[in-house]
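# Summary of structural features
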Amino acid sequence: MTNHRAIALVFALHGAVAGSLSTRIPWLQGHLDLTPAVLGLILLCQPVGAFVAMPMATRMAHRLGGRTATRLLLALWCACLALPALAPSPVWLAGVFLLFGMAAGTCDVVMNSQALVLERRLGRSIIAGLHGMWCVGSLAAGGVGVLAAHLGIDARVHLAVVSVVLLGLGGLAGRGLLANQSSEGVPAPRRFALPSRAILAVGLVGFCGTFAEGASANWAAVYVTAVASAGPGVAAATYTVFMLCMAATRLIGDRFVRRMGAVAVVRVGGIVAAAGGVLVVAGRTPWLCMAGFALVGVGVAVVVPLVFAAAGDVGDTPGEGIAGVATITYLSGLIAPAVTGWAAGALSYPAAFAMITAIVAVMTLLAGALRPRSRAGAEEGMRLERVAG
């Protein structure tokens, strides 16, 4: 298995774990008799765990090597899939989701660091396509989960079987990753340091893109139901179309990055997403709103991958830059659904998505932060990439 195929499989497996669990949340709610408020607090534990643990990932990669760290953290992420359905009480489930988030966030950092190292070695953009594989894995596993739920298969059986299968595939993928490189002469990542201005600038672009992505993914179905009087089928289809547009754009996005550069791609994407936001706000029929969300999905699809790629070039090490920016984007994903809901409740759903459209416009204006550094800086980044290898 080539290095490229191996890291693509890692991204797909990471997405498959997330997609599998998402389909069994209703089972967990019913099994433990959770109220919506309690379930919301439990689900919040996952991004909190990721937010807390991600800075540890770069030190682990420095000590063990990027390949070993990726293999171990991917195995932990896949193994954690079986745990939520085994939790005997809401308190235990909250602890499981905290661990689940820690595994997700740390694995996210090291696999993106591995992807960046490989991208540099290949000399061409591959990061958008790898994030596209994450979407493919999530959608495929979500489909299996929907089928399992429809057939009445116990979630404990479903998630345990999928966990074992993904662990096996993860072991296969791990053998094809780039070999560990010596970290001799490369300084260990700092235990704690405030992000540099460059990381904050790149992170702000990612914050805006992730905010629009998270708000749309969580509220698209609700929006078309409340504003455009769509039925349950059309509401579900709106979310599906949004996700499919994101996945397809990521899979082909590297071609545009190679031709246009990251800055131009993000700016064009921002214009497309803003146009979609306007259509969502102005539309009062399900199909116009669905088209608007599709454009938003296309427009923001490659923002996070390109932000991660840029982050590897602005930190003291690639992993440290990615960890800093990933922390900012996770924070955005954490607050986006809640802020959107508060805005919709205080004002209206169209007003909330007008706010999101404005955030996309800010992202478009700040896209210059993704511009590659000087040649000297890029060469230094190549030297420091060994820590992620």
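## Here's the deal with the overall build of the protein
Counting its regular elements, the protein contains 15 helices and zero strands. Against the 2.2 N^0.38 benchmark of 21 Å for 389 residues, the protein shows a C-alpha radius of gyration of 20 Å, consistent with a compact globule. Taking the principal axes of its C-alpha atoms as reference, the protein extends roughly 60 × 45 × 35 Å. Within the protein, buried positions represent 53% of all 389 residues. Within the protein, residue pairs in contact and separated by at least 24 positions form 85% of the contacts whose partners lie at least 6 positions apart. As displayed, the protein has an accessible area near 16,100 Å², and 69% of this comes from carbon and sulfur atoms. Here the protein holds 25 positive side-chain charges and 13 negative ones, and the gap between their average locations is 4 Å.

## Focus on the pattern of salt bridges
All told, the structure shown has two salt bridges when counted by the stated rule. Residues arginine 156 and aspartate 154 are paired through a salt bridge, measuring 2.8 Å at the closest nitrogen-oxygen approach. Relative accessible area serves as the criterion here: at 25%, aspartate 154 is assigned to the partly exposed category. A salt bridge links glutamate 213 to arginine 250; its shortest N-O distance comes to 3.5 Å. Taken as a pair, glutamate 213 in helix H8 (residues 197–228) and arginine 250 in helix H9 (residues 232–260) lie far apart in primary sequence, 37 residues in all. Arginine 250 gets classed as buried once you look at its relative accessible area, which sits at 4%.

## Let's talk about the confidence of the model for the protein
A residue-level look at the protein finds 90% of positions with pLDDT of 70 or above and a mean pLDDT of 87. Low pLDDT (under 50) marks residues 374–389, which in the prediction has 39 contacts with non-local residues, meaning those over four places away or in another chain.

## Quick look at the environment of methionine 243
Relative to the assigned elements, methionine 243 resides in helix H9. Overall, methionine 243 belongs to the buried group, its relative accessible area being 12%.

## With respect to the packing of aromatic side chains
Taken as a whole, this structure holds eight aromatic pairs when the rule is applied. Summarising the aromatic geometry, the rings of tryptophan 77 and phenylalanine 100 are spaced 4.4 Å apart at their centres and angled 45° between planes, so their arrangement reads as tilted. Here phenylalanine 100 lies in helix H5 (residues 90–122) and tryptophan 77 lies in helix H4 (residues 66–80), a separation of 23 residues in the sequence. For tryptophan 77, a relative accessible area of 1% gives the class buried.

## Observations concerning the packing of H9 against helix H11 (residues 286–300)
Angle between the axes and distance between the axes are the two parameters that describe a pair of packed helices. Interaxial distance between H9 and H11 falls to 8 Å at its minimum, and their mutual angle equals 25°. Considering their axes alone, H9 and H11 lie roughly parallel with respect to each other. Handedness of the crossing formed by H9 with H11: right-handed. Contact residues: Val234, Ala237, Thr238, Val241, Phe242, Cys245, Met246 and Thr249 in H9; Pro286, Trp287, Met290, Phe293, Ala294, Val296, Gly297 and Val298 in H11.

## Thoughts on helix H12 (residues 303–311)
Each full turn of the α-helix corresponds to 3.6 residues, which orients residues three or four apart in the same direction. For H12, a buried count of nine out of nine residues is recorded, marking the element as mostly surrounded by other parts of the structure. Restricting attention to buried positions, one finds in H12 the residues Val303, Val304, Pro305, Leu306, Val307, Phe308, Ala309, Ala310 and Ala311.

## Quick word on the nonpolar core
Core analysis: the largest hydrophobic core is formed by 103 residues, its most contacted members being Ile7 and Leu370. Non-local contacts of isoleucine 7, meaning those with residues more than four positions away in its chain, are made with Met111, Gln114, Ala115, Leu118, Leu130 and Leu177. Core analysis: the next-biggest nonpolar cluster, separate from the first, contains five residues, Phe242, Met243, Met246 and Ala301 among them.

## Considering the environment of valine 136
Tracing the chain through its elements places valine 136 in helix H6 (residues 127–150). The exposure class of valine 136 is partly exposed, given its relative accessible area of 33%. Taking the C-alpha atoms as reference points, valine 136 and leucine 99, 37 residues apart in sequence, are found 24 Å from one another.

## Comments concerning unusual backbone geometry
One non-glycine residue, aspartate 33, adopts positive backbone phi at about 55°. Along the chain, the position of aspartate 33 falls in the loop between helix H2 (25–31) and helix H3 (36–64). Aspartate 33 gets classed as exposed once you look at its relative accessible area, which sits at 69%. Backbone geometry places serine 229, a non-glycine residue, at a positive phi of 55°. Judged by its relative accessible area of 62%, serine 229 is exposed.

## Describing the state of the cysteines
Each disulfide consists of one covalent bond between the sulfur atoms belonging to two cysteines. Tallying each qualifying case throughout the model produces zero disulfides. Free of any disulfide, cysteine 78 has its nearest cysteine sulfur in cysteine 107, 7.6 Å distant. Unpaired in this structure, cysteine 135 has its nearest cysteine sulfur neighbour in cysteine 245, at a distance of 11 Å.

Scoring rules and cut-offs
- Residues numbered from 1 in each chain as written.
- Predicted model: local features only at pLDDT ≥ 70, side-chain atom pairs only at ≥ 80, totals over all residues.
- Heavy atoms only, no water.
- Helix = DSSP H or I, 4+ residues; strand = E, 2+ residues; numbered from the N terminus.
- Rg over C-alpha atoms; globule rule 2.2 N^0.38 Å.
- Buried < 20%, exposed > 50% of the residue type's maximum accessible area, 1.4 Å probe, protein only.
- Contact = heavy atoms within 4.5 Å.
- Areas by Shrake-Rupley, 256 points an atom, 1.4 Å probe, with all protein chains shown as cover.
- Lys, Arg positive; Asp, Glu negative; His and termini not counted.
- Charge placed at Lys NZ, Arg CZ, Asp CG, Glu CD.
- Salt bridge = Lys/Arg side-chain N within 4 Å of Asp/Glu carboxyl O.
- pLDDT = per-residue confidence, 0-100.
- Phe/Tyr/Trp six-rings, centres within 6.5 Å; stacked < 30°, edge-to-face > 60°.
- Axes fitted to C-alpha atoms, helices over the stretch in contact; angles between N-to-C directions.
- Parallel < 35°, antiparallel > 145°, perpendicular 65-115°, else oblique.
- Left-handed = near helix turned anticlockwise from the far one by under 90°.
- Core = buried A, V, L, I, M, F, W, Y, C linked by side-chain atoms within 4.5 Å.
- Disulfide = S-S within 2.5 Å.

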